[in-house]
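Listed below are the residues making up each chain.
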Amino acid sequence: MGTTETKRKCLYCKGIMKDDHCNHMIDLDGRFIIIRNVPCHKCTQCGEVSYSGEVVAQIEKIVARLKDAYTEVAVVEYAAA
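Throughout what follows, the structure given in this document is the object of discussion. Just so you know, these numbers come straight off a predicted model, no measurement behind them.

**What about the pairing of strand E1 (residues 17-28)?**
Next, step 1: Note that E1 and strand E2 (residues 31-43) share 11 bridges and pair antiparallel. Residue pairing across strands places Asp20 opposite Cys40, the latter belonging to E2.
Next, step 2: Connecting E1 to the antiparallel partner E2 that follows it, the hairpin turn spans two residues, and Asp29 within it adopts a positive phi of roughly 55 degrees.

In structure tokens:
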């Protein structure tokens, strides 16, 4: 994701979605993976977050790699493949 802003509208409030970064948390039956600095589109009005298909695929890879490698909590930095 570059520095240019998207021209998307929020599905919930119709606000403007801008390129940003956020933390994404996954709960796997009480065990947690927190992925920091994930590229996202964030609504400037309500804060709703969405991800591109490419980012979702990378999140899935990270989760698959870590889901059996921790006990309770894993905190990792997002890194594009």
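Still more to cover.
**Quick look at the environment of Thr44**
Next, step 1: Relative to the elements of secondary structure, Thr44 occurs in the loop between E2 and strand E3 (49-50).
Next, step 2: Along the sequence, Thr44 and Lys18 sit 26 residues apart, while their C-alpha atoms lie 6.9 Å from each other.

**Some remarks on the environment of Arg31**
Next, step 1: By secondary structure assignment, the location of Arg31 is in strand E2.
Next, step 2: Remark: the alpha-carbon pair of Arg31 and Lys67, spanning 36 residues in sequence, is separated by 8.6 Å.

**So, the nonpolar core**
What tends to happen in soluble globular proteins is that the nonpolar side chains get buried as a cluster.
Next, step 1: Ile26, Ile33, Ile35, Val38, Val55, Ile59, Ile62, Val63, Leu66, Val76 and Tyr78 form the largest nonpolar core, which has 11 residues in total.
Next, step 2: Of all the secondary structure elements, the ones that give two or more residues to this core are E2 and helix H1 (53-66).
Next, step 3: Top contributing element to this core by residue count: H1, with five residues.

Reading the values: rules and limits
- Residues numbered from 1 in each chain as written.
- Predicted model: local features only at pLDDT ≥ 70, side-chain atom pairs only at ≥ 80, totals over all residues.
- Heavy atoms only, no water.
- Pairing = 2+ DSSP bridges.
- Helix = DSSP H or I, 4+ residues; strand = E, 2+ residues; numbered from the N terminus.
- Core = buried A, V, L, I, M, F, W, Y, C linked by side-chain atoms within 4.5 Å.
- Buried < 20%, exposed > 50% of the residue type's maximum accessible area, 1.4 Å probe, protein only.

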